[in-house]
Structure formats: C-alpha cells, structure tokens
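What follows is the residue order along each chain.
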Amino acid sequence: MPAQANADTGRTASRLTDDAIVSAWRTLRAVDCARCHGKDYDGLAAPSIVEYARTQNRERFVRMVLDGEPSRGMPAYRGNPSIAAHIDDIYRYFLGRADGTIPADPRPPQR
Ligand code: HEC
C-alpha cells in the first residue's frame, strides 16, 4: 500500500441529505446490520461500527465489511451486490456518524 493511502480516506462531512448516503443508509437497513450491531450500529452483540469507523482507516473498514470475520460471527458481504456497490458510501455514512454530522436515528428526509 502506498504511504499516501491515508490521504484519500475521504474524511469529509456527509449528511443524510446526500443521495449517495441515503442509498447507503437504505442498504444498511435492508441488510440489517443492526440485528447484531444494535439499532444505531453503536454496539449490541457485536461491537460498535461507528467506533470502528472512528478509529480505523478506510482500508480496514472496507476489508472488514467485505471479508468479514466469519470465525467470530461477522459475515463477509463481498458477495452481496448492494453492499459491494455502496461500500464507499457506507464508510462515509459511518464517518459522518462518528464525527456527528449524521445523527443516529433519523430517517432520510422525505421528498
Ligand atoms: C450475524 C451478526 C452480524 C451481522 C448481521 C453483521 N455483523 Fe458486523 N460483526 C459481527 C461480529 C460478531 C463482529 C465482531 C467480530 C470480531 O470479534 O472480530 C463484527 C464486526 C464488525 C466490524 C468490526 C468492528 C470491530 O470493532 O471489530 C464492522 C466494521 C462490522 N462488523 C460491520 C458490519 C456491517 C457494515 C454489517 C452490515 C452490512 C454487519 N457488520 C453485519 C456480527 C455481525
């Protein structure tokens, strides 16, 4: 991995008014990560995804979601086309949750 890999972690504020983030939000709902990670993804049977985004880099985050940790109960989502297609926005959603620009609960704005 080149040393600059961190330069593109995309640590920019995201909001639920951003269409791509709304799609990511819907994907997370559809797959129901919440059943293990808690309704706000901040920890239940499985650890907080928000905290993971706060403390890990993009590469580790993406690898964890796509490859999982099957022996420890985290499924691999590489074979799920909607997760794979939205992985960058899923990461941005959790960064937004971690830095507070995206609030925990809310539904995307109706339009
Ligand atoms: C069947 C339960 C289950 C589901 C569903 C699930 N996870 Fe997990 N996840 C886990 C478990 C258990 C761990 C902890 C694995 C370990 O101990 O290494 C984990 C770990 C993680 C981690 C790393 C957290 C850390 O602190 O190590 C991330 C990020 C994550 N999951 C994201 C997701 C996302 C995103 C989804 C939905 C697309 C999802 N998970 C769905 C069970 C689940």
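Under an unreviewed UniProt entry, the name given to the chain is Cytochrome c, and the organism recorded is Paraburkholderia phymatum.

Draft legend 1. Examining the overall build of the chain more closely. Each helix and strand counted, the chain has five helices and zero strands in total. Listing every helix and strand of the chain by position from the N terminus yields α-α-α-α-α. Across the 111 residues that make up the chain, the buried fraction comes to 24%. The contacts of the chain with a sequence gap of at least 6 include a subset with a gap of at least 24, amounting to 61%.

Draft legend 2. Representation of the nonpolar core within the structure. Among the nonpolar cores identified, the biggest contains 19 residues, and Ala 24, Ile 49, Ala 53, Ile 90, Tyr 91, Tyr 93 and Phe 94 are the most heavily contacted of them. At the level of secondary structure, the elements contributing two or more residues to this core comprise helix 1 (19–31), helix 3 (49–55), helix 4 (58–67) and helix 5 (81–99). When residues of this core are assigned to their parent elements, the largest contribution, six residues, is made by helix 5.

Reading guide: rules and limits
- Residues numbered from 1 in each chain as written.
- Predicted model: local features only at pLDDT ≥ 70, side-chain atom pairs only at ≥ 80, totals over all residues.
- Helix = DSSP H or I, 4+ residues; strand = E, 2+ residues; numbered from the N terminus.
- Buried ≥ 20, exposed ≤ 12 C-beta atoms within 10 Å, placed from the backbone.
- Contact = placed C-beta atoms within 7 Å.
- Core = buried A, V, L, I, M, F, W, Y, C linked by C-beta atoms within 7 Å.

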